[in-house]
Amino acid sequence: MKNFIKLTQLLFFIVFLTSCKTSVNKEELIINSEDQKSDQINTAKSKMELKYSCGEDGVSEFLSDGWIIVEEYSEEKICTWKSFPATKNCDMEKDKGCKITIPDKIGEEKTYLLEK
């Protein structure tokens, strides 16, 4: 049993030693990565997501500025709501529990993914 405990301690010690890296390799990587970062920043593309709903549309302003539409999709969305009393004796201002609200106008919400 004592041999087993010593063996497991030895294995943990070996794993600990092999997991450490030298600092010399890190310094070389840092020096090289500074040059690569400046190149990556110049080639990076700007991305933007725009959402317009219920007949609004302003994507043409961005297209004239040089943005390109990468992806476009739309979803159905409720634009306005309509409320009415549940019964004839219901006062919607005093008793909020008797007010029924339903969708009035249903439109589309368009989402644009732009890239420059």
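Above this text you will find the structure in question.
Numbering of residues starts from 1 in each chain and follows the order in which that chain's sequence is written. Confidence filtering applies because this is a predicted model: local features only for residues at pLDDT of at least 70, side-chain atom pairs given and counted only at 80 or more, and all residues used for totals across whole chains, interfaces and linings. Heavy atoms from the whole structure form the basis of all side-chain values; hydrogens and water molecules are not counted.

Details of the sheet that holds strand S3 (residues 99–115)
- By definition, two strands form a pair when at least two bridges between them are found by DSSP. By the criteria applied, helices consist of DSSP H or I runs no shorter than four residues and strands consist of E runs no shorter than two, each listed in order from the N terminus. With antiparallel pairing, three strands are arranged side by side in an open sheet as S1-S3-S2. Here the strands that pair on one side only, and so sit at the sheet edges, are strand S1 (47–53) and strand S2 (68–85). Strand-to-strand twist across the sheet, computed as the mean angle between neighbouring axes with direction ignored, equals 20 degrees.
- As paired strands, S1 and S3 are joined by seven bridges and run antiparallel to one another. In the strand pairing of S3, Tyr52 is matched with Lys110. Each axis is a line fitted through C-alpha atoms, taken for helices only over the stretch in contact, and angles between the N-to-C directions span 0 to 180 degrees.

Here's the deal with the side chain of Ser53
- Considering the arrangement of structural elements, one finds Ser53 in strand S1.
- Only heavy atoms enter the contact rule, under which two residues are in contact if any of them lie within 4.5 Å. If we ignore the near neighbours within four places in the chain, the residues touching Ser53 are Lys77, Glu108 and Glu109.

Brief notes about the state of the cysteines
- Cysteine sulfur atoms are paired as a disulfide whenever they fall within 2.5 Å. Under the counting rule described, the total for this entry stands at two disulfides.
- Here Cys54 is linked by a disulfide to Cys79, with a sulfur-sulfur distance of 1.9 Å. Disulfide Cys54-Cys79: the torsion about the S-S bond is -105 degrees, which places it as left-handed. Linking Cys54 in the loop between S1 and helix H3 (59–64) with Cys79 in strand S2, this pair joins segments that are 25 residues apart in sequence.
- Categorising residues by exposure relies on relative accessible area from a 1.4 Å probe, with only protein chains included: less than 20% of the type maximum marks a residue as buried, more than 50% marks it as exposed, and the intermediate range marks it as partly exposed. Exposure remark for Cys54: the relative accessible area of 30% places this residue in the partly exposed category.
- Covalently, Cys90 is tied to Cys98 through a disulfide, its sulfur atoms 1.6 Å apart. The chirality of the disulfide connecting Cys90 with Cys98 is right-handed, given an S-S dihedral of about 65 degrees. Neither Cys90 nor Cys98 differs from the other in exposure class; each is buried.
- If the cysteines joined by disulfides in the protein chain are listed in sequence order, their pairing comes out as 1-2, 3-4.

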